[in-house]
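An overview of the molecular structure
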Amino acid sequence: MKIELLTEAEVASLKHIIEESANIVVCCHKSPDGDAMGSSLAWAAFLRMQGKAPKVITPDACPDFLQWLPGAVDVMRYDKQREEGDALLANADLVFCLDFNSTGRVDEMQSSLDASPARKVLIDHHLSPDIDAVLEVSHPEMSSTSEMVFRLMWQLGAFDDMDTDCAAAIYCGMMTDTGGFTYNSNSPEIFFIISQLLTKGIDKDRIYRNVYNNYSPWALRLRGYIISEKMRMVRGLHASFFTISRSDMKRFHFIKGDAEGLVNEPLRIKGMRLSISLREDDRRDNTVWVSLRSVDDFPCNKMAEEFFNGGGHLNASGGRLNCSLRQAEEIARQAIAHYAELLG
C-alpha cells in the first residue's frame, strides 16, 4: 500500500527547509473548517517534534464545534490581531500554506501573506494551485489536506512520535472533509490511515460527537426552519437549494458554524443529486456565500466555477456571489437549468 507523497529529492528538500528555518508560520484559509484546522494543528505538532516553535494563524475564527481541538486556543486570529499577524508574517522565514490553493482564500490576510519574504511550502488537495511556493505538495485526488499531513508525517518517519492530540486533529480533518466518510472516501489507504490513527488512542466516536452533536437549541431550530420553510425543490430535476438570510440568522441567534453541514441534508431525499446553500454574509452587503454538494458523478465543482465564482471538488464545492440574496436565488435556478441534462 503506497502512502508516500514525495520523491526522495523532495523529502530531502523539505527536511532541509525546515532545519534551516527559525521563524515558521502555519496558515490556512478564511472560515477554517475541520480540515483546515486539523491539518494546520497536526502539522504544527509535527514541526514541534522537529524542535521548532511554529505559530498557527488563521484569517478569522473557526466554528464553535472545532474549539475543542487540541491547540486551537493558541491559534492567532488575524482579524483580531492584525498588527501581530502582519509582524509574524513579515518576520517569518518559512510559511506553510495548508488547505488552500490561492492566497485569495485568506481574505484580508492576503496582502501580508503575499508580501512576506518567507519561503512558502504548499500542502493542499484543491485543484489548480496558484501560490509561489518553493515546494508544492498538491494532490487533488486526496480526501483532505489532513490525509496528506498524515502521509507526510509517515514518510518523514514521524509516525512513532505522533501523540493522541495530533492523531485526533488529523482524524477530525479527514472526517469533516468527507462528510463522515460518506463522499470522496473510497480509497483503501484512507481506512489504513484510520486504523493507524486508532493505535494512537483517539476516540473517534467522541470526535464525531464533538463535531456533529454540538449544536445549541437555536441552531437546531434554525436547521428545522430552513429545511421546512426555505428549501426549494426544482421541478423535474433532482436538485434543490435554500437560502439563509440575515433576518433568519438574527431570529435564530446564529453563531459561526450553525449552518455547517446543512447543505448535505437535502441529499437525504431519495434520488436527490445536488444541493445548494445560499447564505447572506452577516456583515457585508451584497455578499452571498455558496456551498454545493452532490452525489455520484455530478460535477458541482464545475457548476461552482461557472456560476458562483468558486470551485472545489467533484462532490463538495463552494463560491461567493456579490449580489442580493434574491439575485443569488435566480443564479442558482439558472445554474440548475444549465445542468438539467445531468440532473434530470
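To be clear, the structure that these remarks concern was listed above.
Residues numbered from 1 in each chain as written. Predicted model: local features only at pLDDT ≥ 70, side-chain atom pairs only at ≥ 80, totals over all residues. Heavy atoms only, no water.

**Some thoughts on the sheet that holds strand β10 (residues 288-294)**
Across the sheet, 6 strands lie side by side as β7-β8-β9-β10-β12-β11; this open sheet has mixed pairing. If you trace the sheet from one side to the other, it starts and ends with β7 (232-233) and β11 (311-312), each paired once. Contacts from helix α9 (residues 217-230) reach β7 and β8 (239-244), with the element oriented near 125° to β8. Here helix α11 (residues 300-307) sits on the sheet in contact with β9 (274-280), β10, β11 and β12 (316-321), set at roughly 10° to β12. (Pairing = 2+ DSSP bridges. Helix = DSSP H or I, 4+ residues; strand = E, 2+ residues; numbered from the N terminus. Contact = heavy atoms within 4.5 Å. Axes fitted to C-alpha atoms, helices over the stretch in contact; angles between N-to-C directions.)

**Side note on the packing of aromatic side chains**
Scanning all chains against the criterion turns up 13 aromatic pairs. Judged by centre distance (5.3 Å) and plane angle (35°), the rings of Tyr225 and Phe252 are tilted. Separated by 27 residues along the polypeptide, Tyr225 in helix α9 and Phe252 in the loop between α10 (246-251) and β9 bring together distant segments of the chain. A ring pair is formed by Phe298 and Tyr339, whose centres lie 5.5 Å apart and whose planes are at 70°; its orientation type is edge-to-face. (Phe/Tyr/Trp six-rings, centres within 6.5 Å; stacked < 30°, edge-to-face > 60°.)

**Section: the pairing of strand β5 (residues 119-124)**
In terms of burial, β5 is largely enclosed, as 5 of its 6 residues are buried. As paired elements, strand β4 (residues 94-98) and β5 share 5 bridges and run parallel to each other. Bridge assignment links Leu94 to a residue of β5, and that residue is Arg119. At this point the chain moves from β4, through helix α4 (residues 110-115), to the parallel β5, and the crossover so formed is right-handed. Here β5 runs beside strand β6 (residues 135-138); their pairing, made up of 4 bridges, is parallel. Within β6, the residue paired with Val121 across the bridge is Leu135. (Buried < 20%, exposed > 50% of the residue type's maximum accessible area, 1.4 Å probe, protein only. Right-handed = clockwise from strand over helix to strand, strands pointing away.)

**Quick look at the environment of Asp296**
Along the chain, Asp296 falls in the loop between β10 and α11. Taking relative accessible area as the criterion, Asp296 reaches 61% and is therefore assigned exposed.

**Observations regarding the pattern of salt bridges**
Counted by the stated rule, this structure contains 14 salt bridges. A salt bridge links Lys30 to Asp107; the nearest nitrogen and oxygen atoms lie 3.8 Å apart. Linking Lys30 in the loop between β1 (24-27) and α2 (34-49) with Asp107 in the loop between β4 and α4, this pair joins segments that are 77 residues apart in sequence. Residue class for Lys30 comes out buried when judged on its relative accessible area of 15%. For the salt bridge of Arg77 with Asp79, the shortest nitrogen-to-oxygen distance reads 2.7 Å. Residue Asp79 is classed as partly exposed on the basis of its relative accessible area, which comes to 33%. What you see here is one network of salt bridges that share partners, running through Lys30, Asp60, Asp107 and Lys256. (Salt bridge = Lys/Arg side-chain N within 4 Å of Asp/Glu carboxyl O.)

**Here's the deal with the sheet that holds strand β3 (residues 76-77)**
Pairing in this open sheet of 6 strands is parallel, and the strands run β3-β2-β1-β4-β5-β6 from one edge to the other. Strands at the two margins of the open sheet, each flanked by one partner only, are β3 and β6.

**What about the nonpolar core?**
Of all hydrophobic cores here, the largest spans 57 residues; its most connected members are Trp43, Phe96, Ile123, Met153, Met162, Ile170 and Leu197. When residues in this core are grouped by element, the largest group, 9 residues, is from helix α6 (residues 164-176). The residues contacting Met162, other than those within four sequence positions of it, are Met49, Phe150, Met153, Ala167, Ile170, Leu197 and Lys200. Counting 25 residues, the second-largest nonpolar core is a separate cluster that includes Leu237, Ala304, Ala328 and Leu343. (Core = buried A, V, L, I, M, F, W, Y, C linked by side-chain atoms within 4.5 Å.)

**Here's the deal with unusual backbone geometry**
Within the chain, Phe181 stands out as a residue other than glycine whose phi angle is a positive 65°. Looking at the secondary structure, you find Phe181 in the loop between α6 and α7 (188-198). Even without glycine at this site, Asn184 takes up a positive phi of about 50°. Within the secondary structure, Asn184 sits in the loop between α6 and α7. What makes Asn184 partly exposed here is its relative accessible area of 34%.

Read these as spatial facts, not as claims about activity.
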